[in-house]
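Coordinate inspection notes
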Amino acid sequence: MAKREERIGVFVCHCGLNIAGTVDVQRVVDEIKRYPGVVHAEHYMYMCSDPGQELMRKAIREKGLTAVVNANCSPSLHERTFRRVCASVGLNPYRCEIANIREQCSWPHTYDKETATKKALAIIKTTVERLRLNMMLTPLVIPLIKRALVIGGGIAGIQAALDIANGGYQVILVEKEASLGGHVMELSATFPTLESPKDFLIPRIDEVMAHPNIRLYLNSEVDAVSGYVGSFNVKIRQKTKIVEEEIGAIVTAPGFDLLPREKLPVYPDDPDIVDGLQFERILSPERLTYGKIKRPSDGRVPQDIVFIQCAGSRDPEHGMPYCSRVCCMYTAKQVLLYRKAVLEGQAYVCYMDIRSDAKGYEEFFQQVMSHDGVLYVRGNVSRAFRDGDKLKIWTVDTLSGKSLEITADMVVLALAMVSRPGTRELARKLNISVNEHGFLTEAHIKLRPVESLTSGIFLAGTAQWPRDIPDTIASASAAASKVLSLFSRKELLHEPTTAHVDEEVCSGCGVCVPVCTYKAISIDENKKVAVVNEALCEGCGSCAATCPSKAMQHRNWSHRQLLAMIDVAGGGYV
């Protein structure tokens, strides 16, 4: 069989001054033109722009290019862009590769232009060598079940379920409690408008209950999940009973909890020391007696209340190192509601600093801070203890440098928001990741903020990170939009750059099975070889790197390609 003659085109992007300010792009083009197999090379200010893409199409047609190297930024940004350009003129998109000369070259070598230019040439040459051995692949077609599973019946799950259902698709909504609404239903009011959450949440719950496209499972939990995007099999446990559902996509929104009080020994177990959610229930109109607040221990109206912010937040030694984001604002709301209920009352707020970073929040906080009977004290609390029928709080006012002892009838702790205890186990069942604090982890914090690393599974609400209600609803709608985008397709296409097994070499040792994050590899016990489920494989390459016999290979990232790249890399750079 005659060897195919490659006609490779190289397109170098200036990326404004991000690349051209460091790399001599004209020299790169002049030298790469002489490289074997390269028949065309040019540079342009922004190759990803419409004129830049048209330059590529024109060159592919007129020069009869069989492969393309785009020397520009990270493939995560524009690999799909340039592959679509190639496909639009009849060139197999998997014959287009990215040589990253921005993040891996111009940026780290900003002050050494000679090194950057030599390294850019080396990167492009290695990409050309890899490209010579690239196969012309075709995306995999996988089945698509247009039914979604939403896990969690709080405000995030409700929003996601309604968005998907109103889009015309069936939704299975699973909630572990006996009712919908989550923690939002426990709130007395919402900041900054002081609107009752029931005013907007109950109509949505009613809509969920009556929606023809939503099937609701209460007192239920997800027991097991198998399959892949477009075709998940989900087992739902309802009391002792297991129900199976076929699902195309999943939105996870299991919500949050508060940091357990026992993790903060500085605050004793006392009926008059309550957390923020407990105080919300005390403030609720149903619990007020003649409009008055009563403290839990004896039913007396508290004349002095100390609100302690960051109780377990931003405290890596005793609690959590992160900011819980909503505490400053809900404390301000609680202070205002307390002063409206107890006109003669005094509220003290012990805080580290104030974070009010959304629409209307700063104005609301300033209104509360200037209210009569409200005193904000900047400083951490060192001790809280019972003294007769009163509580004593020791703190320091860091603005004046004075130590303070405050006598109060009640203490309200703004405890850190934490992930629910079952979130880690749910993530394990779904094969998605969590961070060190147990929150669900997105695929990319900027580019894929509501997607997990497992295709077809999306994240919403406070299970991902502490959020207020508007942010929670926004994330839920974003996750739902991803599901709707997925379901709008006639069929699902999966990237073909997956792992595959050379059965003649494979010994069935099974070393590749536990290293696969996506659980795409199993052992065929009859043949004694590894088998890859290509619909699950995301092409990370872990199995190929681990395989002791090199039987596991990655399409268009073969060992032969890697060795060819290594052979040319040194000569083009050092």
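Residues numbered from 1 in each chain as written. Predicted model: local features only at pLDDT ≥ 70, side-chain atom pairs only at ≥ 80, totals over all residues. Heavy atoms only, no water.

**Details of the overall build of the protein**
Defined as follows: Secondary structure elements follow DSSP: runs of H or I no shorter than four residues count as helices, runs of E no shorter than two count as strands, and numbering proceeds from the N terminus. Each residue is assigned to one of three classes by its accessible area relative to the maximum for its type, calculated with a 1.4 Å probe on protein chains only: buried under 20%, partly exposed between the two thresholds, exposed over 50%. Pairs of residues are marked as contacts when any of their non-hydrogen atoms sit within 4.5 Å. Surface accessibility in these figures is a Shrake-Rupley result with a 1.4 Å probe; residues are shielded only by whichever protein chains are displayed. A residue counts as positive if it is Lys or Arg and as negative if it is Asp or Glu; His and the chain ends are not included. By convention, the charge on Lys lies at NZ, on Arg at CZ, on Asp at CG and on Glu at CD.
The helix and strand tally for the protein stands at 16 helices and 28 strands. Based on the C-alpha atoms only, the size of the protein along its principal axes is roughly 95 × 60 × 45 Å. Taking all 574 residues of the protein together, the buried fraction comes to 52%. Residue pairs at least 24 apart in sequence account for 68% of intrachain contacts in the protein once pairs closer than 6 positions are excluded. Taken as a whole, the protein presents about 26300 Å² of accessible surface, with 53% of it coming from carbon and sulfur. In the protein, the 68 positive side-chain charges and the 67 negative ones have mean positions that sit 4 Å from each other.

**What to know about the sheet that holds strand E14 (residues 273-275)**
As a reminder, the rule being used: Two strands are said to pair when DSSP picks up at least two bridges between them. Inter-axis angles, ranging from 0 to 180 degrees, are taken between N-to-C directions of lines fitted to C-alpha atoms, where helices are fitted over the stretch in contact.
Pairing is parallel in the open sheet, where five strands are placed in the order E14-E21-E15-E16-E17. Whereas interior strands pair on both sides, the edge strands pair on one side only; in this sheet they are E14 and strand E17 (374-378). Mean inter-strand twist for the sheet, computed between neighbouring axes without regard to direction, equals 20°. Packing against the sheet, helix H9 (residues 276-283) makes contact with E14, strand E15 (304-311) and strand E21 (410-415), and its axis sits at approximately 95° to E14. Across the sheet, helix H10 (residues 327-341) touches E15, strand E16 (346-351), E17 and E21, and the angle it forms with E15 is around 170°.

**Observations concerning the packing of helix H2 (residues 25-32) against helix H6 (residues 113-132)**
For the record, the criterion: What sets the label is the angle itself: under 35 degrees gives roughly parallel, over 145 gives roughly antiparallel, 65 to 115 gives roughly perpendicular, and the rest give oblique. Helix crossings fall into two classes, left-handed where the near helix is turned counterclockwise from the far one by less than a right angle and right-handed where it is turned clockwise. Three classes are used, and their members are as follows: Ala, Val, Leu, Ile, Met, Phe, Trp, Tyr, Cys and Pro are nonpolar, Asp, Glu, Lys and Arg are charged, and the others, Gly among them, are polar.
Interhelical geometry of H2 versus H6 gives an angle of 40° and a closest axis separation of 10 Å. One way to sum up the angle between H2 and H6 is to call them oblique. In terms of crossing hand, the pair formed by H2 and H6 is right-handed. Seen from H2, the contacting residues are Arg27, Val28, Glu31 and Ile32; seen from H6, they are Glu114, Thr117, Lys118, Ala120, Leu121, Ile124 and Lys125. Looking at the contact of H2 with H6 residue by residue, the class counts come to five nonpolar, one polar and five charged.

**Things to note about the pattern of salt bridges**
What counts, and what does not: We define a salt bridge as a side-chain nitrogen of Lys or Arg found within 4 Å of a carboxyl oxygen belonging to Asp or Glu.
All told, the structure shown has 35 salt bridges when counted by the stated rule. In this structure, Arg27 engages Glu31 in a salt bridge whose closest nitrogen and oxygen atoms are separated by 3.2 Å. Taken together, the residues span about one helical turn, with Arg27 and Glu31 both in helix H2 at a distance of four residues. For Glu103, the salt bridge goes to Arg102, with nearest N and O atoms at 2.8 Å. On the accessibility criterion, Glu103 (27% relative accessible area) is partly exposed. What makes Arg102 buried here is its relative accessible area of 11%. A single network of salt bridges, built from pairs that share partners, joins Asp270, Asp272, Arg295, Asp298, Arg300, Arg386 and Asp389.

**Considerations on the environment of Leu375**
When you line up the elements, Leu375 lands in strand E17. Separated by 27 residues in the primary sequence, Leu375 and Tyr348 place their C-alpha atoms 4.9 Å from one another. With residues up to four places along the chain from it excluded, the contact list for Leu375 reads Gln346, Ala347, Tyr348 and Val349.

**Describing the side chain of His183**
Going by this rule: In protein, a polar contact requires one atom able to donate a hydrogen and another able to accept it; more generally it is a pair of N or O atoms within 3.5 Å, and residues adjacent in sequence count only if both atoms are side-chain atoms.
On the secondary structure map, His183 appears in the loop between strand E7 (170-174) and helix H8 (197-210). A polar side-chain atom of His183 sits 2.8 Å from a polar atom in the side chain of Glu186. In contact with His183, not counting residues within four places along its chain, are Phe256, Asp257 and Leu277.

**Examining the domain arrangement of the protein**
Quick reminder of the rule: Each domain's limits were defined by an automated method or a database of domain assignments.
Segmentation of the protein into domains returns domain 1 (8-137), domain 2 (147-255 + 420-487), domain 3 (259-418) and domain 4 (498-555). Here domain 3 and domain 4 have C-alpha centroids that lie 56 Å from each other.

**Notes on unusual backbone geometry**
Cis geometry marks the peptide bond from Phe191 to Pro192, where omega comes out at 0°. Its location among the elements puts Pro192 in the loop between E7 and H8. The phi dihedral of Cys310 is positive, around 55°, even though this residue is not glycine. Here Cys310 is to be found in strand E15. Note on Cys310: relative accessible area 15%, which makes it buried. The backbone of Lys528 sits at a positive phi, close to 60°, despite the residue not being glycine.

**Quick word on the sheet that holds strand E2 (residues 38-44)**
One open sheet accounts for four strands, arranged E2-E1-E3-E4; its pairing is parallel. The open sheet has two edge strands with one neighbour each: E2 and strand E4 (96-100). In this sheet, adjacent strand axes meet at a mean angle of 20° when their direction is disregarded. With five bridges connecting them, strand E3 (residues 67-72) and E4 associate as parallel partners. Within E4, the residue paired with Asn72 across the bridge is Asn100.

**Some points on the nonpolar core**
Selection criterion: In this text, buried Ala, Val, Leu, Ile, Met, Phe, Trp, Tyr and Cys residues form a nonpolar core when linked through side-chain atoms within 4.5 Å.
With 115 residues, the main nonpolar core has Ile164, Val251, Phe279, Val306, Phe307 and Met552 as its most contacted residues. Counting residues per element, this core draws most heavily on H10, which supplies nine residues. Those residues within four positions of Phe307 in sequence are excluded, and the remaining contacts are Phe279, Thr331, Gln334, Val335, Tyr338, Ala347, Tyr348, Val349, Cys350 and Val412. Core analysis: the next-biggest nonpolar cluster, separate from the first, contains 41 residues, Cys13, Val28, Val29 and Val85 among them.

**What about the environment of Ile172?**
Inspection of the secondary structure assignment puts Ile172 in strand E7. Considering only alpha carbons, one finds Ile172 and Glu246, 74 residues apart in sequence, at a separation of 9.9 Å. Once you skip the residues sitting within four places of it in the chain, Ile172 turns out to touch Arg147, Ala148, Leu149, Val150, Arg215, Tyr217, Ile236, Glu245 and Ile247.

**Digging into helix H11 (residues 361-369)**
Formally: Here the arc refers to the directions that run from the helix axis out to each C-beta atom.
Residues of H11 that are buried: Tyr361, Phe364, Phe365 and Val368. Burial along H11 is one-sided: seen end-on, the buried residues are contained in an arc of 95°.

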